[in-house]
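Analysis of the macromolecular model
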Amino acid sequence: MFTCNLSHSQVRTLPMLRNALSSLFSRVGILKAGFQKPAGVAGRFLSREFSAVSEKRNIPDHKRRLLAAKYEVRRKLYKALCSDPNLPSDVREKQRYKLSKLPRNSSFTRVRNRCIFSGRPRAVYKKFRMSRIVFRSLASQGLLMGVKKASW
């Protein structure tokens, strides 16, 4: 068992920081020039063999998240108009039809929380955005700030 001393906002910034740094380094070309990756969590763990696989596995989920954000307001409006009993039935039917014509992947129920390292869809801790397996290995190595093995 592990315990965590970080707040939720501090933990959420770690994966975002990793993504921002990797995209910045790839754009600038620092990694291609022969410089070493940063020695933090991202630098040590990106060298694992499944990092390339995880990027491919998270692409469909990322597209679903973008679609859901894009159609969120429209979907909520159509749902509200469909369920309003004060409106005539033909107006509600039109709104139901418009709701059915929205892309299926634009629904938030299709979004799946996946591990940002391995792409694993199950047993993902929301706070860290990583699976229990990756979390345990990183915590055992001491690569997660504020997380230590619990003992009592």
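Remarks on the overall build of the chain
When you go through the chain residue by residue, the secondary structure sums to six helices and four strands. Looking at the chain as a whole, 26% of its 152 residues are labelled buried. Look at the contacts in the chain between residues 6 or more apart in sequence, and 60% of them connect residues 24 or more apart. Accessible surface computed for the chain: about 10,900 Å², of which carbon and sulfur atoms make up 55%.

Some details on the packing of aromatic side chains
Within the structure shown, the criterion is met by two aromatic pairs. When the centroid spacing of 5.3 Å and the interplanar angle of 75° are considered together, the rings of Tyr125 and Phe135 count as edge-to-face. Here Tyr125 is found in strand 2 (residues 124-125), whereas its partner Phe135 is found in helix 6 (residues 132-141), with 10 residues between them in sequence. A residue is classified by how much of its surface remains accessible, and Tyr125, at 40% relative accessible area, is partly exposed. Consider the rings of Phe128 and Phe135, whose centres lie 4.8 Å apart with planes at 50°: the pair is tilted. In this structure, Phe128 and Phe135 share a single accessibility class: buried. The structure contains a cluster of three or more aromatic residues connected by ring pairs, namely Tyr125, Phe128 and Phe135.

So, the environment of Arg92
Along the chain, the position of Arg92 falls in helix 5 (residues 89-101). A sequence separation of 11 residues divides Arg92 from Leu81, and the C-alpha atoms of the two residues are 6.3 Å apart. The residues contacting Arg92, other than those within four sequence positions of it, are Leu81, Cys82, Asp84, Pro85 and Leu87. Among the polar contacts listed, one links the side chain of Arg92 to the backbone oxygen of Asp84, at a separation of 3.2 Å.

Looking at the packing of helix 4 (residues 72-82) against helix 5
Running from amino to carboxyl end, helix 4 crosses helix 5 at an angle of 150°, the nearest separation of the two axes being 8 Å. In terms of axis orientation, helix 4 runs roughly antiparallel to helix 5. Note that helix 4 runs across helix 5; the crossing there is left-handed. Where helix 4 abuts helix 5, its residues Arg75, Tyr78, Lys79, Leu81 and Cys82 lie against Arg92, Gln95, Arg96, Lys98 and Leu99.

Let's talk about helix 4
Of the residues making up helix 4, those classed as buried are Arg75, Tyr78 and Cys82. Relative to the axis of helix 4, the buried residues are bounded by an arc of 65° and lie together on one face. Across from the buried face of helix 4, at angles greater than 90 degrees, the exposed residues are Val73 and Lys76. Contacts made by the buried residues of helix 4 are with helix 5.

Cut-off values and rules
Residues numbered from 1 in each chain as written. Predicted model: local features only at pLDDT ≥ 70, side-chain atom pairs only at ≥ 80, totals over all residues. Heavy atoms only, no water. Helix = DSSP H or I, 4+ residues; strand = E, 2+ residues; numbered from the N terminus. Buried < 20%, exposed > 50% of the residue type's maximum accessible area, 1.4 Å probe, protein only. Contact = heavy atoms within 4.5 Å. Areas by Shrake-Rupley, 256 points an atom, 1.4 Å probe, with all protein chains shown as cover. Phe/Tyr/Trp six-rings, centres within 6.5 Å; stacked < 30°, edge-to-face > 60°. Polar contact = N/O pair within 3.5 Å; in protein donor to acceptor, adjacent residues only side chain to side chain. Axes fitted to C-alpha atoms, helices over the stretch in contact; angles between N-to-C directions. Parallel < 35°, antiparallel > 145°, perpendicular 65-115°, else oblique. Left-handed = near helix turned anticlockwise from the far one by under 90°. Arc of directions from axis to C-beta.

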